[in-house]
Amino acid sequence: MFFDTYADLCRQKGVSLSRAAEDNGLSRTTVVKWKNGSLPSGATMARLAAYFGVSLDDLLGSAG
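Now for a description of the structure that goes with this document. (Residues numbered from 1 in each chain as written. Predicted model: local features only at pLDDT ≥ 70, side-chain atom pairs only at ≥ 80, totals over all residues. Heavy atoms only, no water.)

Here's the deal with the packing of aromatic side chains
- Counted according to the given criterion, the structure contains five aromatic pairs.
- Ring geometry for Tyr6 versus Trp34: centroids 4.9 Å apart, planes at 75°, classification edge-to-face. Taken together, the residues Tyr6 in helix 1 (residues 2-13) and Trp34 in helix 3 (residues 28-35) connect sequence positions 28 residues apart.
- Accessibility expressed as a relative area gives 0% for Tyr6, which makes it buried. (Phe/Tyr/Trp six-rings, centres within 6.5 Å; stacked < 30°, edge-to-face > 60°. Helix = DSSP H or I, 4+ residues; strand = E, 2+ residues; numbered from the N terminus. Buried < 20%, exposed > 50% of the residue type's maximum accessible area, 1.4 Å probe, protein only.)

Some remarks on the packing of helix 1 against helix 4 (residues 42-52)
- Running from N to C, helix 1 and helix 4 cross one another at 30°; their axes reach a closest spacing of 11 Å. When the axes of helix 1 and helix 4 are compared, the pair comes out roughly parallel. Pair helix 1 / helix 4 crosses with left-handed handedness. Between helix 1, through Phe2, Tyr6, Leu9, Cys10 and Lys13, and helix 4, the contact on the second element is made entirely by Met45, Leu48, Tyr51 and Phe52.
- Residue composition of the contact of helix 1 with helix 4, grouped by class: eight nonpolar, no polar and one charged. (Axes fitted to C-alpha atoms, helices over the stretch in contact; angles between N-to-C directions. Parallel < 35°, antiparallel > 145°, perpendicular 65-115°, else oblique. Left-handed = near helix turned anticlockwise from the far one by under 90°. Contact = heavy atoms within 4.5 Å. Nonpolar A, V, L, I, M, F, W, Y, C, P; charged D, E, K, R; others polar.)

Concerning the nonpolar core
- Formed by 17 residues in total, the largest nonpolar core has its most connected members in Phe2, Tyr6, Trp34, Leu48, Phe52 and Leu59.
- Of all the secondary structure elements, the ones that give two or more residues to this core are helix 1, helix 2 (17-23), helix 3 and helix 4.
- When residues in this core are grouped by element, the largest group, six residues, is from helix 1.
- Ignoring sequence-local partners within four residues, the contact set of Trp34 consists of Met1, Phe2, Phe3, Tyr6, Leu26, Leu39, Pro40, Thr44 and Leu48. (Core = buried A, V, L, I, M, F, W, Y, C linked by side-chain atoms within 4.5 Å.)

Structure follows, in structure tokens:
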């Protein structure tokens, strides 16, 4: 699930869930939507992947 990967990446980077969202121009309520199962847009996914220094596959948890 995207949110679990996002939370793990935040922990690894040492930032809160809301701080990572805000650093990427997103509201804190966006994180709640992700926790409830929503997925970010493609552009947001790309921004988050760059922010965390991971591939889109890693961000989506689909790397083998």
